[in-house]
Each structure stands twice: as C-alpha cells, then as structure tokens.
Amino acid sequence: MKKIIVPVDFSEHSEFALEAAAGLANKYGSELIVLHMLELSYAIISSATESQNQEVVFYLKLAEQKFETFLDKPYLKDVKVTPIVKHFKVWSEVNDLAEEHGADLIVMGSQGISGVKEVLIGSNTQKVVRYANIPVLVIKHNPILLDFENAVFASDFSEEAVAPYLKAKTTFNKLGSKMHLVYVNSPDGNFRSSSEIDKKVANFLRKAEGNLDNLKSVNVVSDYSIEKGILNFSNVIGADVIAVATHGRKGLSHIFEGSVSEDIANHSTLPVMTFKI
C-alpha cells in the first residue's frame, strides 16, 4: 500500500479520516496525498476578471493556511504527506488523481445522511464512491483503534461480484484481516431458496477461486433488507470493517435503483470499504 489519498474539508470527520489514514501509513510505510477541493466553479477560474482573480488567490492562500494548521498533528510526524489543492469540485477528479499517483486506497470521513437530502443531493463521500476505481475506506468516528482483524465482505455472489471479491481478498490479506463472506436472504428482491443459494455460492467460488475451499467462510443470513442483514451480521461477529461491491451508479439510475453500498456507507457505524464492480 504505497499511496493513500485523503480528501478533506477541514471538518472533524475529515480529521477522523486523516488519523485513520496516518495509522495505515505508519503500518505500511505509505505516503498520504491530502486533497482539498475549493468551492470555485470552472467558469470563475477560466474567465475570471481581475477582481475575481484576486478572489481565487485569496481562497487559495486561505486553503494553504488551513492546510498548515490541519496537518500539524503528532500522528503525522513520521508520515510523508503531500498536500494538494484543486480549484473546484469535480468529484471524478479524485479518481483521476488516484490513477495519476498510482494510489491504492482513498480514505474519507463521513457524517452520514438520510431521507430526501440523501436521494437528491448525496454526500461528498457518496460522490467519491460512485467514481472511484480503487477501494474507498469510509470512516465515521474517531479511529481510536484501527485494527481490521475481522472484515465482512457482503455479496450477492453474482458473476460480476467476482472481481471486487478478489480485490477485497487481496486488500484484506495485506491488512492481515480475516474475511467473512455474507449473503443476505431478504424479501426486498433478493430472496432465494436454500438450494438456490448453495448453487449460487458454489458457482461463484468456482469462478473466483477455482475451488470450494472458502465455502466455510460463507455465511447466509435472513433479514428484512440487505442493508439490515449486513449491519446486523457485522455487529454479531464483532466486525472491524464492512466491505461491499458498488456499481458506481450515477444520476437517475442511482435515484431509482439505489445503491446498497452507499446506504451502508451512510448508515454503518463501522468503517466501510467499497470496491468497484
């Protein structure tokens, strides 16, 4: 894990993410690329008047000052940190930056939102999850201990989930985590008979692993919804992190179809790591 990107807005939850990323960086010798995105539009920057240019310079200087204070943390003492300021907010740029620097992980803080605001606006973390091609680790609370001993990987065990499963397996092997696989049998469009589930899981593992050695790691639970099943199972086994695959839906497809991964990232009290399908 050579490079970790941490998008920040200088809030308390950004600091939670920064501290969590620093813990990982200290453990694996990673570089932190700390990113702040200004609330400036492309139009202002591309066709700015003299007074608007002065405004842009003012906000850049202000961001630099905030960075200096924000990064003055004892837990960053032995960590290589590269601060970057982007002029305006285009969330796909986080993924572009990750690809440009060869980053392995994005770590973000999130307060979590719900209701109409969640559907119509979404959080910054949701937007990053939708665009990111690398894993995104979402941190909700002060990371007093960040030891991912037990990781839950929730899956529908479809063929398209094979790639994110293999990415998750590689990631958690690096983190020294035990990965528990879970399938939630629920009435919200995911209900299957026991024999159907067994067949689905077996086919999945044959495609992913070429064998059924990990069959004992698969847990089938029943609950009222996929989200509730994942969260309840994670609490029962004392999980340290929840991993989910995401389609990265955008626009209307996100609003009408929803995304279990984004719901989990919003509502879980545990750290959540997403893997793009």
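Note that this is a predicted model, so its numbers are computed, not measured.

Counting its secondary structure elements, the protein chain contains 11 helices and 10 strands. Per-residue burial over the protein chain gives 48% buried out of 277 residues. Within the protein chain, contacts between residues separated by at least 24 positions form 80% of all contacts whose residues are at least 6 apart in sequence. Surface exposure of the protein chain reaches about 13700 Å², of which carbon and sulfur atoms provide 51%.

We now examine the environment of Gly29. Residue position: Gly29 is located in the loop between α1 (12–28) and β2 (31–37). The spacing of Gly29 and Asp78 is 49 residues in sequence and 9.4 Å in space, taken between C-alpha atoms.

For soluble globular proteins, the rule of thumb is that nonpolar side chains tend to be buried together. Core analysis: the biggest nonpolar cluster contains 47 residues, and Leu32, Leu137 and Phe172 have the highest contact counts within it. It is α1 that provides the largest number of residues to this core, a total of eight residues. Excluding residues that lie within four positions of it along the chain, Leu137 makes contacts with Leu24, Leu105, Ile106, Val107, Met108, Phe148, Val241, Pro271, Val272 and Met273. In this structure, Ala98, Val128, Val129 and Ile230 belong to the second largest nonpolar core, which totals 33 residues.

For the rest of this paragraph, the subject is the pairing of strand β9 (residues 241–246). Sheet faces and side chains relate simply in a regular strand, where the side chains alternate between the two faces. Along β9, five of the six residues are buried, which leaves the element largely enclosed by surrounding structure. In terms of strand pairing, strand β6 (residues 150–154) meets β9 through four bridges, oriented parallel. The partner of Ala151 across the bridge, within β9, is Val241.

Which parts of space are left empty comes out when a probe the size of a water molecule is rolled across the atoms. As enumerated under the stated definition, the model contains one cavity of 30 Å³ or more in all. Around the largest cavity, the lining residues are Leu24, Lys27, Tyr28, Leu146, Phe148 and Leu175. Looking at the lining of the largest cavity, the element that brings in the most residues is α1, giving three residues. Considered class by class, the residues forming the lining of the largest cavity number five nonpolar, no polar and one charged.

Once that is clear, we can look at the sheet that holds β9. Across the sheet, 10 strands lie side by side as β3-β2-β1-β4-β5-β10-β9-β6-β7-β8; this open sheet has mixed pairing. The strands lining the two open edges of the sheet, one partner per strand, are β3 (81–86) and β8 (218–222). Averaged over all adjacent pairs, the angle separating strand axes in this sheet is 25 degrees, with direction ignored. Pairing between β2 and β3: six bridges, direction parallel. Bridge assignment links Met37 to a residue of β3, and that residue is Lys86.

You can see Glu31 is positioned in strand β2. The exposure class of Glu31 is buried, given its relative accessible area of 13%. In this structure the side chain of Glu31 is engaged in a polar contact, spanning 2.6 Å, whose partner is the side chain of Thr82.

What counts, and where the lines are drawn
Residues numbered from 1 in each chain as written. Predicted model: local features only at pLDDT ≥ 70, side-chain atom pairs only at ≥ 80, totals over all residues. Heavy atoms only, no water. Helix = DSSP H or I, 4+ residues; strand = E, 2+ residues; numbered from the N terminus. Buried < 20%, exposed > 50% of the residue type's maximum accessible area, 1.4 Å probe, protein only. Contact = heavy atoms within 4.5 Å. Areas by Shrake-Rupley, 256 points an atom, 1.4 Å probe, with all protein chains shown as cover. Core = buried A, V, L, I, M, F, W, Y, C linked by side-chain atoms within 4.5 Å. Pairing = 2+ DSSP bridges. 1 Å grid on protein atoms, 1.4 Å probe; cavity = no way out; pocket = protein on both sides within 12 Å on 5 of 7 lines; lining within 4 Å. Points joined across faces, edges and corners; volume = space filled by probe spheres on them. Nonpolar A, V, L, I, M, F, W, Y, C, P; charged D, E, K, R; others polar. Axes fitted to C-alpha atoms, helices over the stretch in contact; angles between N-to-C directions. Polar contact = N/O pair within 3.5 Å; in protein donor to acceptor, adjacent residues only side chain to side chain.

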